[in-house]
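Residue-level structure breakdown
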Amino acid sequence: MWSEDLPNGKVRFAERYTDPMTGKQKKVSITLDKNTAATRKQAQAALADKISAKLLSAQTNNTNLRLSELIELYRKSQLVTVTKSTYSRNYHAANTIMRLLGESTLVSQLSAAYVKDRFLAQNESPGTFNERLSRFKALIRWGYENDYISDIRYLDKIKPLNNKEKKERLRNKFLEAGDLKKLLDAMTVTKWRYLSELTVLSGMRCGEAIALHMSDVDFENKVISVTKTYDAVNKVVTPPKTACSNREIYMQPELEKLCREIRKHTLSGKLKYGYDADLFMCGVNGGHLDYYAYNKYLGEVSMRTLGRKITTHVMRHTHVSLMAEAGVPLDVITRRVGHENSNVTRDVYLHITERQKEKDRERLNSVIIL
């Protein structure tokens, strides 16, 4: 393995291997931020995985590639392209797909009828079927984009099931303004109320809010820079969920006022407890806030106040609904919350705008002009 310094200050690590199809030397590479013992070790592992994938690809042509082999290639790619939490979710989803379709099934022989029959045989809810189908399509499209599969036209024949419960469930994904006020008023723990207000007013994911540093909140330019997220499962800070999650969130006056209160509260805590931390919000020991403690508190207070248990993501979706009610366009909201393509964001937005249209019609019905 060798390294090359790039003009932008980053480092490209590269390695050669022999292509068994041609006998010629080929090269794989990966670009990292710096050249240290840790990054060299990371690069070496990533390059080894890339070479393994290339060799497996050469040995396995489109006609005899099995589902388990495709998933192995998919997982190796995801190890270096997605966050740990996304990798874990997709890992288990792929296991289920192998169980339902058969790990030895030839990918080239998959058809719309076969996939639908296997999925429907589970007698699961339309929502579960649609989620399973979404994960399967993502896997197969990845295979197509990486030249492991030559024809995926059959995917268009597999349609999501009509989900009658979806609209009702959608209402549970966000809070009305009145319910939001009740919930916030019932929160007596300052740090959890602040975290709830911050996610509602900014649209940040809870992990993104927990990972914020003081330097990420720029009062002069009125922006919050989202460049990382806190992975509560592995207790590490990682890059945001997707590339478009790296973003700047404009601080509208209401959000700016809250952020000033939070900063004052955090600085006061540093003086009181004597910890040295640069986090925008933190626990009494100066470390990251406990995501699970917050989620538990949020669930208990919402159950007591609203009669239903909500999660941290409800606060984020509430931001989408409130922005939609205020007339903010969908593309602006999507960029603000860092979503490249989210069905939930779009569904919440359309639900709110349709409801607004219904209210407009009701107002017009009572108008007499002549």
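Up top is the structure these notes are about.
Residues numbered from 1 in each chain as written. Predicted model: local features only at pLDDT ≥ 70, side-chain atom pairs only at ≥ 80, totals over all residues. Heavy atoms only, no water.

1. Focus: the overall build of the chain
Counting secondary structure elements, the chain contains 14 helices and eight strands. The buried share of the chain, reckoned over its 370 residues, is 42%. Within the chain, counting contacts between residues at least 6 apart in sequence, those at least 24 apart form 57% of the total. As displayed, the chain has an accessible area near 21,000 Å², and 50% of this comes from carbon and sulfur atoms. (Helix = DSSP H or I, 4+ residues; strand = E, 2+ residues; numbered from the N terminus. Buried < 20%, exposed > 50% of the residue type's maximum accessible area, 1.4 Å probe, protein only. Contact = heavy atoms within 4.5 Å. Areas by Shrake-Rupley, 256 points an atom, 1.4 Å probe, with all protein chains shown as cover.)

2. Topic: unusual backbone geometry
The backbone phi angle of Asp147 is positive, close to 65 degrees, even though this residue is not glycine. Relative to the helices and strands, Asp147 is located in the loop between helix 5 (126-145) and helix 6 (166-171). For Asp147, a relative accessible area of 63% puts it in the exposed group. Phi angles above zero are rare outside glycine, and Lys222 is one such case at about 60 degrees. Summarising the element assignment, Lys222 is placed in the loop between strand 4 (217-218) and strand 5 (223-226).

3. Observations regarding the sheet that holds strand 4
The strand order 4-5-8 describes an open sheet built from three strands, whose pairing is antiparallel. Whereas interior strands pair on both sides, the edge strands pair on one side only; in this sheet they are strand 4 and strand 8 (247-250). Pairing geometry for strand 4 and strand 5, over two bridges, is antiparallel. Within the sheet, the bridge partner assigned to Asp218 lies in strand 5 and is Val223. (Pairing = 2+ DSSP bridges.)

4. Thoughts on helix 12 (residues 312-325)
In a regular helix each residue adds 1.5 Å, so 14 residues correspond to 20 Å; helix 12 covers 21 Å between its end C-alpha atoms and thus fits that length. Within helix 12, eleven of the 14 residues are buried, leaving the element largely enclosed by the surrounding structure. (Expected span 1.5 Å × (residues − 1).)

5. A short note on helix 10 (residues 253-273)
Here helix 10 contains 21 residues, and its C-alpha end-to-end distance of 30 Å stays within 8% of the 30 Å for a straight helix at 1.5 Å per residue. Residues of helix 10 that are buried: Leu255, Glu256, Leu258, Cys259, Ile262, Thr266 and Gly269. Projection of helix 10 onto a plane perpendicular to its axis shows the buried side chains occupying an angular sector of 160 degrees, all on one side. What points out from helix 10, more than 90 degrees from its buried face, is the exposed set Pro253, Lys257, Lys264, Leu271 and Lys272. Buried residues belonging to helix 10 abut helix 8 (190-202), strand 4, strand 5, strand 8 and helix 13 (330-337). After helix 10 finishes, the residue Gly274 shows a positive phi value of roughly 75 degrees. (Arc of directions from axis to C-beta.)

6. Notes on the packing of helix 7 (residues 177-186) against helix 11 (residues 291-306)
The N-to-C vectors of helix 7 and helix 11 enclose an angle of 120 degrees; their axes lie 9 Å apart at closest approach. As judged from the angle between their axes, helix 7 and helix 11 are oblique. Regarding helix 7 and helix 11, the two cross each other, and that crossing is right-handed. For the pair formed by helix 7 and helix 11, the contact residues are Asp179, Lys182, Leu183 and Ala186 on the first element and Tyr297, Leu298, Val301, Ser302, Arg304, Thr305 and Leu306 on the second. When its residues are assigned to classes, the contact of helix 7 with helix 11 shows six nonpolar, two polar and three charged. (Axes fitted to C-alpha atoms, helices over the stretch in contact; angles between N-to-C directions. Parallel < 35°, antiparallel > 145°, perpendicular 65-115°, else oblique. Left-handed = near helix turned anticlockwise from the far one by under 90°. Nonpolar A, V, L, I, M, F, W, Y, C, P; charged D, E, K, R; others polar.)

7. Things to note about the sheet that holds strand 1 (residues 2-5)
A sheet is described by the order of its strands in space; here three strands give the open sequence 1-2-3, paired in antiparallel fashion. The sheet is open, and its two edges are formed by strand 1 and strand 3 (25-32), each paired on a single side. Averaged over all neighbouring strand pairs, the angle between strand axes comes to 30 degrees, with direction disregarded. Alignment of strand 2 (residues 11-18) against strand 3, held across eight bridges, turns out to be antiparallel.

8. Section: the packing of aromatic side chains
A complete count under the given rule lists seven aromatic pairs for this structure. Ring centres of Phe119 and Phe136 lie 6.0 Å apart, and the angle between their planes is 85 degrees; on these two criteria the pair is classed as edge-to-face. Note that Phe119 is positioned in helix 4 (residues 112-120) and Phe136 in helix 5, a separation of 17 residues in sequence. Accessibility expressed as a relative area gives 4% for Phe119, which makes it buried. Aromatic side chains Tyr291 and Tyr292 sit 5.3 Å apart centroid to centroid with 80 degrees between the ring planes, which places their arrangement in the edge-to-face category. For Tyr291, a relative accessible area of 22% corresponds to the partly exposed category. Here the aromatic cluster, defined as three or more aromatic residues joined through ring pairs, consists of Tyr74, Trp142 and Tyr148. Between Arg75 and the ring centre of Tyr91, over which it is positioned, the NZ or CZ distance is 3.7 Å. (Phe/Tyr/Trp six-rings, centres within 6.5 Å; stacked < 30°, edge-to-face > 60°. Lys NZ or Arg CZ within 6 Å of the ring centre and 35° of its normal.)

By themselves these figures say nothing about function.
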